[in-house]
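# Secondary and tertiary structure notes
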Amino acid sequence: MNDRPAVLVTRRLPAAVEARLQRDYAPRLNLDDRIFGADEIIELAAGVIAVIPCHTERLSADVIARLPDSVRAICSFSVGHDHIDLDAARARGIVVTNTPDVLSNATAEIAMLLLLGAARRAHEGARMLRTDTWADWSAIGQLGIEITGKRLGIIGMGRVGQVMARRARGFDMQVHYYNRRRVDPDLEHGAVYHAELDDLLAQSQFLSIHCPATPQTHRLLNAERIARLPDDAVVVNTARGAVVDDDALIAALQSGRLFAAGLDVFNNEPQIDPRYRELDNAFLLPHIGSAARETRDAMGFRALDNLDAIVAGREPRDRLA
Ligand code: DGY
């Protein structure tokens, strides 16, 4: 008889992570990697001690209220936790954890890729080659803007924001940031703190969003705030789509008020606002901030370290609730 604890894993995870799950638990794996609906999650969770979701599963207050009593933990394979109702979990005594730190480098890399790609019109150039529409080299064609020496504004100076600040310094960018609180000067990496978001926006030739999606940051980048950015600014988002008002951003890209945007995250993924596809000045990626081999392994192991701690009666390293 298998006396290892049963665990529901809602999506396919990297092979090494699934192997560790098989070794230590009795995992219910999602071999088809399809998205489970709420009823399926509740049904499949019968008898499990923990659920390991990704950000693609919404564990709302209603879903959490209906989870079987056996569920003691939700160990998310993500740093973001806007898909989980923490209050509802607390109310049921379910421990919730996430996977911070291990994806900061990978996410900042994608933010830098978006910054460069949007500023230098990378996807337009790539498309010309792939569609055989590159007429010839031109001294006046395909002109982007340099990022070197420019001002970068960072919204959210947490782990990813701090790595982004360090990477930007490699391009001699002058880094400014807005955060609810000033971070320890050792972690600022020379960045200038702005206590008011509007002051940061006015400085931001480039703006990179790294704050979590919360009720306070919902549609934070709206028309009014975009209007405070300098002309020809470039906006990058690797955080969550909910932080951006799509109507406002799309209007600013259509009018040319903004030079470009680089977006890895969207409202209503994967059914993104189709108007983005029509915009040459939108450099789009499909939520791949953490999609590096080392990173995804590390996220899985971090989620399992948290689960192991909970099962052993120890305090998990990354407790959210
Ligand atoms: C995260 O970890 O929050 C990433 O967005 C992937 O889910």
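What comes next concerns the included structure. (Residues numbered from 1 in each chain as written. Predicted model: local features only at pLDDT ≥ 70, side-chain atom pairs only at ≥ 80, totals over all residues. Heavy atoms only, no water.)

### Here we look at the overall build of the protein
Check the secondary structure of the protein and you find 12 helices and 12 strands. In summary, the protein has a C-alpha radius of gyration of 21 Å against a globular reference of 20 Å for 321 residues, a match within 12%. Expressed as lengths along the three principal axes of its C-alpha atoms, the size of the protein is roughly 75 × 50 × 30 Å. Counted over contacts in the protein with a minimum sequence separation of 6, partners at least 24 positions apart contribute 61%. A total of about 15500 Å² of accessible surface is found on the protein, and carbon and sulfur atoms cover 49% of it. (Helix = DSSP H or I, 4+ residues; strand = E, 2+ residues; numbered from the N terminus. Rg over C-alpha atoms; globule rule 2.2 N^0.38 Å. Contact = heavy atoms within 4.5 Å. Areas by Shrake-Rupley, 256 points an atom, 1.4 Å probe, with all protein chains shown as cover.)

### Some remarks on the pairing of strand S11 (residues 258–263)
A large share of S11 lies buried, amounting to 6 of its 6 residues. Summarising the sheet, strand S10 (residues 233–237) and S11 pair through 5 bridges and their orientation is parallel. Along S11, the bridge assignment pairs Ala233 with Leu258. The sheet contact formed by S11 and strand S12 (residues 282–284) spans 3 bridges and is parallel. Note that in S12 the partner of Gly262 across the bridge is Phe283. (Buried < 20%, exposed > 50% of the residue type's maximum accessible area, 1.4 Å probe, protein only. Pairing = 2+ DSSP bridges.)

### A look at the side chain of Ser60
When you line up the elements, Ser60 lands in the loop between strand S3 (50–52) and helix H3 (61–66). The residues contacting Ser60, other than those within four sequence positions of it, are His83 and Asp85.

### Let's talk about the sheet that holds strand S2 (residues 26–28)
Judged by pairing direction, the sheet is parallel, and its 5 strands sit side by side in the order S2-S1-S3-S4-S5 without closing on themselves. Looking at which strands have only one partner, the edges of the open sheet turn out to be S2 and strand S5 (95–97). Averaged over all pairs of adjacent strands, the angle between strand axes in this sheet comes to 20 degrees, irrespective of strand direction. When strand S1 (residues 6–9) meets S2, the two strands line up parallel, connected through 3 bridges. Residue pairing in the sheet places Val7 in a bridge with Pro27 of S2. Across the face of the sheet, helix H12 (residues 293–311) comes into contact with S1, S3, strand S4 (73–75) and S5 while running at roughly 160 degrees to S4. (Axes fitted to C-alpha atoms, helices over the stretch in contact; angles between N-to-C directions.)

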